[in-house]
Amino acid sequence: MKNSDSDQKVKLTDQPLFRIGMIIAIVLVLFIGLQQWFIPKSFGKTGHYRSDNIQEWTEHELQYAAGSDACLTCHSNVKNIFLSGSHEQLNCETCHGPAVKHPNNPMDSKPSIESSREFCGSCHQTLTGRPDTVITQIDLGTHMGFANCSDCHQPHNPGFKFGGAD
Amino acid sequence: MAKMVRRRFFSLGGKLLAGGIVAGTIGKYFPDTVAHAAPTVRTGKTEGKWGFVVDTYKCIGCGRCVKACKAESQVPVDQEVYRTWVERYTVDYDKNVKIESPRGGINGFPEVENRERITKSFFVPKLCNQCENAPCTKVCPVGATYTTPDGVVLVDRERCVGCSYCIQACPYGARFKHPVFKVADKCTWCYHRISKGMTTACVQACPVGARVFGEIGVPDSPVDKILSEERVNILKPEAGTMPLVDYLGLDKVVV
């Protein structure tokens, strides 16, 4: 009788079970709080990574335009000869470098122009490993001395300028 | 009452466990006979992913792809790090194999010294294989590198701590530490371009069509056409990485 009486006098907050419960609750709240704090928002949505990062990569800045079509609209004089020549399969920016900003701002952002013999030779120079079934090769050292390639070949339609055979 | 519930619970659990063990054992001694009955092996890649084909018969080693890649992905040109690069293989009369890639091939290749002794020679462009079973993503301790649902392996620059485990894990040497951002970097198949319907910078810059990019499983995709009609090969099949890049004309000396 007496025992149960004193039992009831022990305050709720002094009961060992309650204390352990409180400690567990605090640890749990801390853990969940820290987890929320440290794990980025979109982590784990689609896998063990931050899925927002996929979107971030799609927003990376462009340097090259979508293709030659983006250039031919304005450069109709180039277009007239380019599409019937043997450089037709080349992209404008393969020779002129990245130019995505140029169409919106043609005067301030000009693509590069290279026209040295070495420039043409980077594709046409005879070279070990370079398949002659794929590209016509010449020897820069012997092909027409030191004259500029564009003296005799129009880069946008490179068949011999004065030939007239085709 | 409580005891009854517990007993029932344990007895059910016991039955399940016993059943599992028996089934597992039987399965072990009677391997899947159905799989052996069908001799066809499915080699196709997962539909809905991007695919890439490199035609080594066509590559002329001009280096335009390397140049375009560096410009498009803003990797410093003067540093010896490359998201894509071109190697030249030369085999001579004594069967010596020489592999060279001066500055990744960005400025092309010099003529070899002993041209008359070369029996075969060709160029092999390399890039990230976007493996379906990628070893690099598995070793990342912070979940900074992963495969997107359309099959491209990316690096989260915000999360990457630069530990370089993934660089070591890649059997193709396709990863490097970005000299500016100090995080792991690699080819993304120009994710910012392909997600807008454009092709990659290297494919666009190639003058001879030695690089082909497109979707897998779409009938008029140029990649799908090659994969279904041509004899293709992958790099290091023994690594079990299941690359999404296929090669035409891959020689056995290529590593």
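To be clear, the structure that these remarks concern was listed above.
Residues numbered from 1 in each chain as written. Chains lettered and ligands numbered in written order. Predicted model: local features only at pLDDT ≥ 70, side-chain atom pairs only at ≥ 80, totals over all residues. Heavy atoms only, no water.

### Re the interface of chain B and chain A
With 49 residues of chain B at the contact, the number on the chain A side is 35 residues. Interface area for chain B against chain A, summed over the two sides, is near 3,500 Å², with a carbon-plus-sulfur share of 56%. The largest per-residue losses of area from chain B upon contact with chain A belong to Ile60, Arg64 and Gln204 of chain B, which jointly make up 17% of the total buried on that side. Inspection of the region where chain B meets chain A yields two salt bridges. For Glu158 of chain B, the salt bridge is made with Arg50 of chain A, and the minimal N-O distance between the two is 3.7 Å. In this structure, the connection of chain B to chain A is made through 20 residue pairs in polar contact (both at pLDDT 80 or more). Breaking the side of chain B that touches chain A down by element, the ones donating at least two residues are helix H3 (64–73), strand E2 (84–92), strand E4 (118–127), strand E5 (145–147), strand E6 (153–155), helix H6 (191–194) and helix H7 (201–205) of chain B. In terms of residues, the side of chain B that touches chain A owes the most to one element, H3 of chain B, which gives five residues. (Contact = heavy atoms within 4.5 Å. Buried area = accessible area lost by both parts, 1.4 Å probe. Salt bridge = Lys/Arg side-chain N within 4 Å of Asp/Glu carboxyl O. Polar contact = N/O pair within 3.5 Å; in protein donor to acceptor, adjacent residues only side chain to side chain. Helix = DSSP H or I, 4+ residues; strand = E, 2+ residues; numbered from the N terminus.)

### A closer look at the nonpolar core
The nonpolar side chains of a soluble globular protein tend to be buried, and buried together. Phe52, Leu127 and Trp189 of chain B are the most contacted members of the largest nonpolar core, which has 65 residues in total. Both domain 1 (12–58) and domain 3 (114–166) of chain A contribute no fewer than three residues apiece to this core. Judged by nonpolar contacts, the second largest core, of five residues, contains Tyr64 of chain A together with Ala68, Cys190 and Ala205 of chain B. (Core = buried A, V, L, I, M, F, W, Y, C linked by side-chain atoms within 4.5 Å. Buried < 20%, exposed > 50% of the residue type's maximum accessible area, 1.4 Å probe, protein only. Domains from an automatic or database assignment.)

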